Amino acid sequence: MSAIPLTARGAERLQAELQRLKTVERPDVINAIAEARAQGDLSENAEYDAARERQGFIEGRIKELEGALSNAQIIHPAELDADGRVVFGATVEIEDLESGQRLVYQIVGDMEADIRANRISVSSPVARALIGKSAGDVVEVRAPAGVREYEIRAVSYE
């Protein structure tokens, strides 16, 4: 399996999620299954079915997180010699040249991407267009909504 790039903060978040799944979620679902079994007939027991489904999700997520963390390549953006260029882990302020809207994104690995927290995947169209560019550069992004032009206003490494 190939290395999975993660920022240090992203690795910490994934490790915390893994810990929560193992110490809180897994025991809770095991108790829910035991309670549902105690109710008798499992063939028509919706609570049992729901608890088993939840258990499958939790176990799958635990395996996914353990695999990702074991193959993680932790990247500390502040330690990179990027010379002002956009690199993995960089925080980038961009301005939409059409609307004037300013956006701030951190470029992160696929496992830690969360658009609500302004963390975009390195494999997203916006991040791919930004990688290697510097403040003042204009980039063209081909996204599902069409072609957009952005000017890079600032690049920082946190």
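Residues numbered from 1 in each chain as written. Predicted model: local features only at pLDDT ≥ 70, side-chain atom pairs only at ≥ 80, totals over all residues. Heavy atoms only, no water.

A. Region of interest: helix H1 (residues 8–38). Spanning 31 residues, H1 covers 44 Å between terminal C-alpha atoms, matching the ideal 45 Å at 1.5 Å per step. In H1, a bend of some 40 degrees at Leu21 exceeds every other bend along the element. Taken residue by residue, H1 has Gly10, Ala11, Leu14, Glu17, Leu18, Leu21, Glu25, Val29, Ile33 and Ala36 as its buried positions. The first or second residue beyond H1 is Gly40, which carries a positive phi of 105 degrees. (Helix = DSSP H or I, 4+ residues; strand = E, 2+ residues; numbered from the N terminus. Expected span 1.5 Å × (residues − 1). Bend = angle between axes of the 7 residues up to and from the residue. Buried < 20%, exposed > 50% of the residue type's maximum accessible area, 1.4 Å probe, protein only.)

B. Focus on the nonpolar core. In terms of nonpolar packing, the biggest core is built from 19 residues, with Val86, Val92, Ile94, Ile107, Leu130, Val139 and Ile152 touching the most fellow members. Mapped onto this core, the elements with two or more residues apiece are strand E3 (90–96), strand E4 (102–108), helix H3 (125–130), strand E6 (138–143) and strand E7 (146–157). (Core = buried A, V, L, I, M, F, W, Y, C linked by side-chain atoms within 4.5 Å.)

C. Quick peek at the sheet that holds E6. Pairing is mixed across the open sheet formed by 5 strands, whose spatial order is E5-E4-E3-E7-E6. A strand with exactly one partner marks an edge of an open sheet, and here the two such strands are strand E5 (119–121) and E6. Put simply, the sheet's adjacent strands are angled 45 degrees from each other on average, direction ignored. Note: E3 against E7, 7 bridges, orientation antiparallel. Note on E7: the bridge partner recorded for Ala90 is Tyr157. (Pairing = 2+ DSSP bridges. Axes fitted to C-alpha atoms, helices over the stretch in contact; angles between N-to-C directions.)

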